[in-house]
Amino acid sequence: MAHTAPLLRNEAERLDVLRRLCLLGTPRDPAFDQMTKIASLVFGTPIVLISLVDEGRQWFKSKIGLEIKETPRSQAFCTYALNNTEPMVVHDTLLDARFTSNPLVTGEPNLRFYAGAPLITAEGACLGTFCILSDQPRSDFDKSDREKLAQFAQLVMMRIETLRNIGYTDPLTQLPNRVRFLEDIELWKHDLPSNGNSLFAVAIDICDASYFRKMLATFGSEYADGFLLTITRRIVSIMLPVPVYRVDSTVYAFVLEAENDKRLLNQLSSIKTKLGGIIEHQLIPHALQVVVGAVKVLDHETLVDITRALRSAFSHARTKRLSTTLYHPDLDVAQQRAFRILAAIPVALASDSQFSLQYQPRVNLSTGACTSVEALIRWNHPKLGIISPAEFIPLAEKTALICEITAWVLKNVFKQAELWTEQRQFFTISLNISALDLDNDRFCDLLILLLNSHNVNPSLIEVEFTESAIVGDLSIVDKQLKRIRELGVKIAIDDFGTGYSNLAYLKQVPATTLKIDQSFVRTLPTDRDDIAIIKAMIGLGIQFGQCIVAEGIESEVAYDLLKTWGCHEGQGYWISKPMVPGDVITWLSSNCKQ
Ligand code: C2E
Ligand code: CA
Ligand code: CA
């Protein structure tokens, strides 16, 4: 009957420590390889192993003289050595009843000699052994050899403890951190699979940064830490035996081996399914918004490349609302264009010939009279050609450049407004502003300066911003909006219906106008849901005493329907496309009764 080693009393804790150390399944480490190499020379044995004893297997962190990476635990000599603090020596396996029928003894590599010193952590957990083996029995292994072997085991433990202690462990979860992840990736690059498979570095973000910030603000950091520990336990158990790293506040990473991209995506989708959509912590359910970025680990790539590629896959997944993105160099093309565009904005602002404004009329649906025009920025770049504001404004909004653009637009709107006032053309000009413009005094200060220096009636200026601009410190936003309103300048909420406005808050915004987003209007007259939503928004605006504007009117049918439903004003291609200032006056004289 096969002999089996007794299980250790503290087996569960021992396994826990072993897994948290993140050694199982990690790449070859030159420091450990050097130790096994020297030991082979010192002891003259063909086989030297650093064996880590996992639940059902022993896995070799470093090995000399053996092809396989692991064996079943039942065949591991080391399991017997785990119970001791001293090295265990088997001079001849054929004379020891515990090993006579072990397949590693009866068959290849026909082991006859074994000596293993236990690897014991500071907290007393035995991880495995540093062991030497030979296909020849050996009676000359004496006390001083045992001492040397124990010293090798100590050396291994010093390296393991160093990896654990010095800046490699995330204090909250005890998982290896980002620094360790990047170092391990560096090691993996020299230890890529020889079977033709590829290795992929994978990062999983379990929820949006803003969701986590809100959780912190609402429930406090103790709760958020507990939530992360719940998530950590779930991810670690799903990924076993693959080591998991915590690389950012809500981001976990690991390395996966897969035959090809398709197989990898299958593995990732099964991981996501196991993670599930909802995680409950202290009886509060949280909907996870998992995003996965992956990148193939190639031997020639530098650390920076991997990090950048992962970030690029990640941000692509988030912005495109995909749940998984495998990095592809094309993603960089988009990022490089974004970078070129951002770099070109300051030059364009300084040149004064690249940016211009076009104006799109807005009319009273009952009378057909033009009530206002919306200033829309246009960019003709000498090398990149025409760049749509739908492309460059969202990029600029991620930086402080948006404030420079707004200032440019505002100054030009005032020049135009003064000109039209001189020509006795009285209609409102509205301009688009962004969240950052409401974040401090600068926009409002400039507005005051321009009102003081131009002959323009403040009621002929209107600022439009989307619901999403009402973020950040609401008391500051409130203050800026009040200042704007007190000047007599009008306020419009743009793209209404697309954000997730808190209606109670919206009621407090001193908006004079609500602009129904074009996505509802363009489907008219077919989409019944959109019809219901439009009617509700018109009703809401009327309740609040606001002027309701429908954007994106592309047909006469839509125009007539909106008029019937009581919508006050409209804007859209069917009325007029945006025009250069000269054409606005021509259009007014031929299309509109003032
Ligand atoms: P927006 O503020 O919602 O402006 C309306 C957009 O819809 C304009 O696109 C306009 O040309 C287009 N549009 C108007 N009527 C119709 C229609 O009937 N059908 C369709 N399909 N489209 C219509 P544009 O000029 O490309 O601007 C896109 C967005 O870029 C604007 O959306 C606004 O968010 C932003 N933007 C434009 N100019 C500025 C600016 O000066 N400052 C800021 N911060 N954002 C601007
Ligand atoms: Ca607008
Ligand atoms: Ca709009």
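Here, the structure is the one placed above.
What you see is a predicted model, and the numbers here were worked out from it, not measured in a lab. (Residues numbered from 1 in each chain as written. Chains lettered and ligands numbered in written order. Predicted model: local features only at pLDDT ≥ 70, side-chain atom pairs only at ≥ 80, totals over all residues. Heavy atoms only, no water.)

### Overview of the coordination of the calcium ion (ligand 3)
And then number 1: Those donors, Asp494 (OD), Asp495 (OD), Glu551 (OE) and Glu551 (OE), are the protein atoms that reach the calcium ion (ligand 3), and they lie 2.2 to 2.8 Å from it.
And then number 2: Donor residues binding the calcium ion (ligand 3) come from one chain and are separated in sequence as D-D-x55-E.
And then number 3: The two metals, the calcium ion (ligand 3) and the calcium ion (ligand 2), are separated by 3.9 Å and share Asp494 as a common coordinating residue. Here Asp494 is found in strand β19 (residues 490-496), whereas its partner Glu551 is found in the loop between β21 (547-550) and α19 (556-564), with 57 residues between them in sequence.
And then number 4: Since its relative accessible area comes to 6%, Asp494 is described here as buried. (Donors = N, O, S within 2.8 Å, 3.2 Å for Na, K, Ca; no water. Helix = DSSP H or I, 4+ residues; strand = E, 2+ residues; numbered from the N terminus. Buried < 20%, exposed > 50% of the residue type's maximum accessible area, 1.4 Å probe, protein only.)

### Re the site of ligand 1
And then number 1: With respect to spatial proximity, 21 residues lie near ligand 1, and among them Gln360, Arg378, Gln518, Glu554 and Tyr573 are the closest.
And then number 2: Taking Glu374, its side chain carries an N or O atom lying 3.1 Å from an oxygen atom of ligand 1.
And then number 3: At 3.1 Å from a nitrogen atom of ligand 1 is found a main-chain nitrogen or oxygen belonging to Ile377.
And then number 4: If you list the elements that add at least two residues to the shell around ligand 1, you get β15 (370-381), α12 (389-396) and β19. (Near = heavy atom within 4 Å. Polar contact = N/O pair within 3.5 Å; in protein donor to acceptor, adjacent residues only side chain to side chain.)

### Here we look at the coordination of the calcium ion (ligand 2)
And then number 1: The protein atoms donating to the calcium ion (ligand 2) are Glu374 (OE), Asn432 (OD1), Glu464 (OE) and Asp494 (OD), with metal-donor distances spanning 2.2 to 2.3 Å.
And then number 2: Every donor residue of the calcium ion (ligand 2) comes from the same chain, spaced as E-x57-N-x31-E-x29-D.

### Quick notes on the sheet that holds strand β2 (residues 57-64)
Sheet strands pair by backbone hydrogen bonding; their relative direction is either parallel or antiparallel.
And then number 1: The antiparallel open sheet is built from six strands, whose spatial order is β3-β2-β1-β6-β5-β4. Edge positions in the sheet fall to β3 (70-72) and β4 (88-90), since each of these pairs with one other strand and no more. Mean inter-strand twist for the sheet, computed between neighbouring axes without regard to direction, equals 25°.
And then number 2: With eight bridges connecting them, strand β5 (residues 113-120) and strand β6 (residues 126-134) associate as antiparallel partners. Bridge pairing in β6 places Ile120 opposite Cys126.
And then number 3: Of the strands in this sheet, β1 (47-53), β2 and β6 are in contact with helix α2 (residues 30-43), which crosses β2 at around 75°.
And then number 4: Across the sheet, helix α5 (residues 143-165) lies against β1, β4, β5 and β6, angled at about 40° from β5, the strand it touches most. (Pairing = 2+ DSSP bridges. Axes fitted to C-alpha atoms, helices over the stretch in contact; angles between N-to-C directions. Contact = heavy atoms within 4.5 Å.)

### With respect to the packing of aromatic side chains
And then number 1: In the structure shown here, the tally under the stated rule is 16 aromatic pairs.
And then number 2: With a centroid separation of 4.4 Å and an interplanar angle of 15°, the aromatic rings of Phe77 and Phe99 are classed as stacked. Remark: Phe99 occurs in the loop between β4 and α4 (103-106) and Phe77 occurs in the loop between β3 and α3 (78-81); sequence separation between them is 22 residues.
And then number 3: Taking relative accessible area as the criterion, Phe99 reaches 1% and is therefore assigned buried.
And then number 4: Relative to Phe99, the ring of Tyr80 lies with its centre 5.2 Å away and its plane at 85°, an arrangement referred to as edge-to-face. Pair noted here: Tyr80 is in helix α3 and Phe99 is in the loop between β4 and α4, with a separation of 19 residues, a long-range link.
And then number 5: Overall, the relative accessible area of 10% leaves Tyr80 in the buried class.
And then number 6: Among the aromatic side chains, those forming a connected cluster through ring pairs are Phe43, Phe113, Phe130, Phe141 and Phe152.
And then number 7: Lying over the aromatic face of Phe113, Arg138 brings its terminal NZ or CZ to 5.5 Å of the ring centre. (Phe/Tyr/Trp six-rings, centres within 6.5 Å; stacked < 30°, edge-to-face > 60°. Lys NZ or Arg CZ within 6 Å of the ring centre and 35° of its normal.)

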